[in-house]
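For reference, the chains in residue letters:
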Amino acid sequence: MGIIELYDVKKSYKVAKRERSFLKQLLFHRYDEIVAVQGINLQIEVGEAVGIIGPNGAGKSTLIKMMVGILQPTAGTLYVNSKVPYKHRKQNAKNIGVVFGQRTQLWWDLPLEDTLKLHREMYEIPDAIYKRNIEKFDKTLGICSFWHQPVRQLSLGQRMKADLAVALLHDPKLLFLDEPTIGLDVMAKKQVRDFLKSINGDNVTIILTSHDLKDIEEICPRVIMVNHGSIVIDTSLSEIKAKVSEQKILVTFAEQPKSIPVLEGCKLVSQEGDTFIFQMDSLKCSFTDFFAAVGSKNGIENISVQSIDIDEIVRKMYAEDVQ
Ligand SMILES: Nc1ncnc2c1ncn2[C@@H]1O[C@H](COP(=O)(O)OP(=O)(O)OP(=O)(O)O)[C@@H](O)[C@H]1O
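Rules used in this analysis
Sequence order sets the numbering: in each chain, residues are counted from 1 along the sequence as written. This being a predicted model, a pLDDT of at least 70 is required before a residue's local features are given, and a value of 80 or more before pairs of side-chain atoms are given or counted; all residues contribute to the totals for chains, interfaces and linings. Only DSSP runs of H or I covering at least 4 residues are called helices, and only runs of E covering at least 2 are called strands; the numbering of each starts at the N terminus. C-alpha atoms define the radius of gyration in this analysis, and the globule rule sets the expected value at 2.2 Å times the number of residues to the power 0.38. Put simply, a residue is buried when 20 or more other C-beta atoms lie within 10 Å of its own C-beta and exposed when 12 or fewer do; between those, it is partly exposed, and each C-beta is set from the backbone. Whether two residues are in contact is decided by their C-beta atoms, placed from the backbone, lying within 7 Å. The criterion for a residue being near a molecule or strand is simple: its C-beta atom, placed using the backbone, must lie within 6 Å of it. Side-chain classes are defined by residue name, with Ala, Val, Leu, Ile, Met, Phe, Trp, Tyr, Cys and Pro counting as nonpolar, Asp, Glu, Lys and Arg as charged, and the others, Gly among them, as polar. How far each domain reaches was decided by an automatic or database domain assignment. Each axis is a line fitted through C-alpha atoms, taken for helices only over the stretch in contact, and angles between the N-to-C directions span 0 to 180 degrees. These descriptions rest on fixed angle ranges, namely under 35 degrees for roughly parallel, over 145 for roughly antiparallel, 65 to 115 for roughly perpendicular, and the rest for oblique. Should the near helix be turned anticlockwise from the far one by less than a right angle, the crossing is left-handed, and should it be turned clockwise, the crossing is right-handed. UniProt positions are given in the numbering used here, feature names are shortened, and annotations may be inferred rather than shown by experiment. Pairing between two strands is assigned when DSSP locates at least 2 bridges connecting them. Defined on buried residues, the nonpolar core groups Ala, Val, Leu, Ile, Met, Phe, Trp, Tyr and Cys residues joined through C-beta atoms within 7 Å.

A. The arrangement of the overall build of the protein chain in detail. When its secondary structure is counted, the protein chain shows 11 helices and 13 strands. Since a compact globule built from 323 residues should have a radius of gyration of about 20 Å, the 25 Å found for the protein chain marks it as more spread out than a globular shape. Principal axes of the C-alpha set define a box for the protein chain whose edges measure 75 × 60 × 45 Å. Here the protein chain holds 323 residues, and the buried ones make up 32% of them. In the protein chain, of all internal contacts separated by at least 6 residues, the share reaching a separation of at least 24 is 71%.

This is the structure:
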C-alpha cells in the first residue's frame, strides 16, 4: 500500500449565490458549487518526492488540504499512512509535517526556542530525539544563530528554516510543503532545497507544491500537473522537457543580414545585440534545413542551440490548457 492513496477523490465548495436584490439575498439562501478537485486517483510510495504543479486555482491546495486532513472530500476515498486523514486528524498530524510558505506555525511573539519546546511537549518527543534533531537542524539550517530571537524579528529565510525545523521535529515520515521558497533570496532557496533533498535521502516522503519550477526540478523526480481539478500529467520534468520539440537557436551573422528567409517551423523571435534568436520546432524543421536556408543568404559567424527553459515550457502547457 502506498503512503498516500486517492480513489476518485472529489471536492467541491459551496459559495453563497449573490442575488441582484438585497431582499432576495436575505430571503433565499442559494448556493453555487465550485468543483475544485474532480475524481483524482493517485498513489504515492514511501520515499518519493512528488511535485504538484498547475496554474492558479487548479486545485493543488485543496488536494493537499484533504491529504493533511483539514478538508473532507465531497466524494471518494483517501488514505494517508493507511488512515483517512479527516477522520483521524490527530493521529495523522503525528505522522506528518506541514509547511505552508505563506503562513507560519511559529508563535509570533516568542523566540524560536519556545515554539520548539512547546512542540516537543505537544508531540511528546523524547529528550534524546529532541536534542539530536536540534543539532541536526543547526548543522543543516543554522537555526541556533537566531534561537533566542522573537519570531516576528526573523527574516523570511530564517522563518522558513525555523518552520522546517518545527515541522520535522517529531520525525514525521511524510512532509507537505506549499511554496516553501516563496520570497527567499537565491542563497536561502539553495539552502532550503539542499535540506529538502537531504531529508528525502533519509526516506522522508515529500509532497511539494510550488510555482517556482526550480524547486520542483531540484527536489522532485516525479511531477504531477493538475488543471481544472484533474491530473493532466504524471511524469518527470525531464520527460516533459524531452517531449518538447522546440529549441532556441542563437545566431550571430558576420555582417548585418540582408534578409531572413521564411521557413516552416522556424521563426525569428527576438534580437539581443548582434545575436538573432530563432525558435525552431524540430518536428517541422531540421537543423540542416535551417542552416541551408539562413546560412546561404547570410554569412554566419557564430551559432549555438539552447533547449527551452522549463518555466517557458510549463507556462506554454498551462496556456494551452493541456489535457
Ligand atoms: N474555501 C473556499 N471556498 C470556495 N472556493 C474555494 C475555496 N478554496 C478554494 N476555492 C476554489 O477552488 C478552486 C481551487 O482552488 P485551490 O486553492 O485549490 O487552487 P490552487 O491550485 O492551490 O491555486 P493557487 O496556485 O492559486 O494557490 C478555485 O476555483 C478556488 O477559487
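B. Molecular detail of the site of the ligand. Residues in contact with the ligand, as listed here, are Tyr 13, Val 15, Ile 34, Ala 36, Gly 54, Asn 56, Gly 57, Ala 58, Gly 59, Lys 60, Ser 61 and Thr 62. Every element with two or more residues in the shell around the ligand is listed here: β1 (4-16), β2 (31-44) and α2 (60-68). In terms of residue count, α2 provides more of the shell around the ligand than any other element does, 3 residues in total. Among the residues forming the shell around the ligand, the class breakdown is 5 nonpolar, 6 polar and 1 charged.

C. Fine view of unusual backbone geometry. Here Asn 81, not a glycine, exhibits a phi torsion of approximately 50°, which is positive. Inspection of the secondary structure puts Asn 81 in the loop between β4 (75-80) and α3 (89-95). Using a count of 20 C-beta atoms within 10 Å as the deciding quantity, one classes Asn 81 as buried. Of note in the backbone geometry, His 228 takes a positive phi value of approximately 50° without being a glycine.

D. Here's a closer look at the domain arrangement of the protein chain. For the protein chain, the assigned domains are domain 1 (46-74 + 84-241) and domain 2 (245-307). Distance from the C-alpha centre of domain 1 to the C-alpha centre of domain 2: 44 Å.

E. Structural context of the packing of helix α6 (residues 156-168) against helix α7 (residues 186-201). Taken N-terminus to C-terminus, the directions of α6 and α7 make an angle of 15°; their axes are 10 Å apart at the nearest point. The angle between α6 and α7 falls in the class roughly parallel. As α6 runs across α7, the sense of the crossing is right-handed. Facing α6, whose interface residues are Gly 157, Met 160, Leu 164 and Leu 168, α7 presents Ala 188, Val 192, Phe 195 and Ile 199.

F. Expanded view of the packing of helix α4 (residues 112-122) against α6. Between α4 and α6, the least distance of the axes is 10 Å, while the angle of their chain directions is 15°. Taken as axis vectors, α4 and α6 run roughly parallel relative to one another. Judged by the sense of rotation from one axis to the other, the crossing of α4 with α6 is right-handed. Here Leu 112, Thr 115, Leu 116 and His 119 of α4 come into contact with α6, specifically with Ala 162, Ala 165 and Val 166. Broken down by class, the residue content of the contact of α4 with α6 amounts to 5 nonpolar, 2 polar and no charged.

G. Seen up close, the UniProt feature "domain: ABC transporter" (unreviewed entry) in the protein chain. The feature "domain: ABC transporter" (unreviewed entry), as annotated in UniProt, sits at residues 4-253 in this numbering. Annotated as 36% helix and 29% strand, the span residues 4-253 places its first and last C-alpha atoms 55 Å apart.

H. Local environment of the sheet that holds β2. Across the sheet, which stays open at both edges, the 3 strands sit in the order β2-β1-β4 with antiparallel pairing between neighbours. Single-partner strands in this sheet number two, and they are β2 and β4. Adjacent strand axes in the sheet meet at a mean angle of 30°, parallel and antiparallel pairs treated alike. Here β1 pairs with β2 via 10 bridges, running antiparallel. By the bridge assignment, Val 9 is partnered in β2 with Ile 40.

I. A look at the environment of Val 98. Relative to the helices and strands, Val 98 is located in strand β5 (residues 96-100). Sequence spacing of Val 98 and Val 314 is 216 residues, and the spatial spacing of their C-alpha atoms is 26 Å. Among residues more than four places away in sequence, those in contact with Val 98 are Val 68, Ala 167 and Phe 176.

J. Here's a closer look at the nonpolar core. In this structure, Met 67, Ala 165, Phe 176 and Ile 206 are the most contacted members of the largest nonpolar core, which totals 63 residues. With residues near it in sequence (within four places) discarded, Ala 165 still touches Leu 116, Phe 137, Leu 141 and Ile 143. With 9 residues, the next largest nonpolar core counts Val 251, Cys 266, Phe 276 and Phe 278 among its residues.

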